[in-house]
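# Coordinates in review
Here are the chains, one letter per residue:
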Amino acid sequence: MVPLSVSILVLVFVVLMILLIPTFLQLVPYIADSFFRARGSSALENSVRVSRDRNMVALVMLLPAFLLTFRYRLYNPDFLAWKDGDARLWLVAAAFGGYFLLRLVIYLLLKPHRRYEAYRTAHHASYTFFILMVLLMLVTAGVMYIFKAPDAVIRLILYIEIATVYFIFLVRRSQILALSCNHFRTFLYLCALELFPTAALIVSAVLL
């Protein structure tokens, strides 16, 4: 049985997305440009209206990301494996919150005093790629659900999509950072800002 809280979150997401359809359609060219070239993220950030709309859509996309993670157990450490319903739902939400909070804290701690624009653009590019990733996951999960694919198969394909989009994002983020940093500093930033929080999330899923 689907928890009531899940049904409510699905309804909220559907209503919000209906309201945001015009905004999202205006964002599509910018998202595509950011995917194919690093300077696309700079062009997006240079527009206050577009960057604001992107941030709003990314915030709404947290709901389906959260629900897909819950439904297909994409984050499923042992301490969650035996829980179901609202308990598992809100524990997954707590894990999401911890991951994003860790990323934010590291971002603020390492913020440079000079040439801040590229650093900020590289960080905000994660919002753009997050939108793209969640849309891809929604389409994939929806199509495979219609064709009655097993959950294990859907979960595997979603993992592959997450890894693929994340890898491309890392490439683009390194290219953006390289506009104001040398290669060594860019590598250190990637390790601290991206690889460490992601590794912490993966380790918690495997060991806890």
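These lines cover the structure that appears in this document, whether it is placed above or below. Since the structure is predicted, the reported quantities are computational estimates derived from the model, not experimental observations.

Its 33 residues place the ends of helix 1 (residues 4-36) only 40 Å apart at the C-alpha level, less than the 48 Å of an ideal helix rising 1.5 Å per residue. For helix 1, the principal kink sits at Leu20 and spans about 60 degrees; a proline, Pro22, occurs within the next four residues. Within the span of helix 1, buried status applies to Ser5, Val6, Leu9, Phe13, Met17, Leu20, Thr23, Phe24, Leu27, Ile31 and Ser34.

Before going further, it helps to examine the packing of helix 6 (residues 116-146) against helix 7 (residues 151-177). Running from N to C, helix 6 and helix 7 cross one another at 160 degrees; their axes reach a closest spacing of 9 Å. In terms of axis orientation, helix 6 runs roughly antiparallel to helix 7. For the crossing formed where helix 6 meets helix 7, the hand is right-handed. The class makeup of the residues in the contact of helix 6 with helix 7 is 21 nonpolar, four polar and three charged.

Further remarks concern the pattern of salt bridges. Applying the stated criterion to the full structure yields six salt bridges. Two residues, Arg71 and Asp151, come together in a salt bridge whose shortest N-O distance is 2.8 Å. Taken together, the residues Arg71 in helix 3 (residues 48-71) and Asp151 in helix 7 connect sequence positions 80 residues apart. Owing to a relative accessible area of 37%, Arg71 belongs among the partly exposed residues under this scheme. Salt-bridge contacts for Glu194 lead to Arg173; the nearest nitrogen and oxygen are separated by 2.3 Å. Residue Glu194 is located in helix 8 (residues 183-207), and its partner Arg173 is located in helix 7; the two are separated by 21 residues in the primary sequence. In terms of burial, Glu194 and Arg173 fall into one category: buried.

So, on to the packing of aromatic side chains. Working definition: an aromatic ring pair is given by the centre-to-centre distance plus the angle between the planes. This model, assessed by the stated rule, comprises 11 aromatic pairs. Summarising the aromatic geometry, the rings of Phe100 and Phe130 are spaced 6.3 Å apart at their centres and angled 85 degrees between planes, so their arrangement reads as edge-to-face. On the criterion of sequence distance, the pair formed by Phe100 in helix 5 (residues 85-109) and Phe130 in helix 6 is long-range, its members being 30 residues apart. According to the relative accessible area criterion, Phe100 is partly exposed, its value standing at 34%. The residue whose ring lies beneath Arg71 is Tyr72, and the NZ or CZ to ring-centre distance is 4.6 Å.

At Arg73, a position not held by glycine, the phi torsion is positive, near 50 degrees. Among the structural elements, Arg73 can be located in the loop between helix 3 and helix 4 (78-81). Residue classification places Arg73 among the partly exposed residues on the basis of a relative accessible area of 22%. For Lys148, which is not glycine, the phi dihedral falls at a positive 60 degrees. Looking at where Lys148 falls in the secondary structure, it is placed in the loop between helix 6 and helix 7. Since its relative accessible area comes to 72%, Lys148 is described here as exposed.

The rules we used
Residues numbered from 1 in each chain as written. Predicted model: local features only at pLDDT ≥ 70, side-chain atom pairs only at ≥ 80, totals over all residues. Heavy atoms only, no water. Helix = DSSP H or I, 4+ residues; strand = E, 2+ residues; numbered from the N terminus. Expected span 1.5 Å × (residues − 1). Bend = angle between axes of the 7 residues up to and from the residue. Buried < 20%, exposed > 50% of the residue type's maximum accessible area, 1.4 Å probe, protein only. Axes fitted to C-alpha atoms, helices over the stretch in contact; angles between N-to-C directions. Parallel < 35°, antiparallel > 145°, perpendicular 65-115°, else oblique. Left-handed = near helix turned anticlockwise from the far one by under 90°. Nonpolar A, V, L, I, M, F, W, Y, C, P; charged D, E, K, R; others polar. Salt bridge = Lys/Arg side-chain N within 4 Å of Asp/Glu carboxyl O. Phe/Tyr/Trp six-rings, centres within 6.5 Å; stacked < 30°, edge-to-face > 60°. Lys NZ or Arg CZ within 6 Å of the ring centre and 35° of its normal.

The quantities given are spatial measurements derived from coordinates; they are silent on function.
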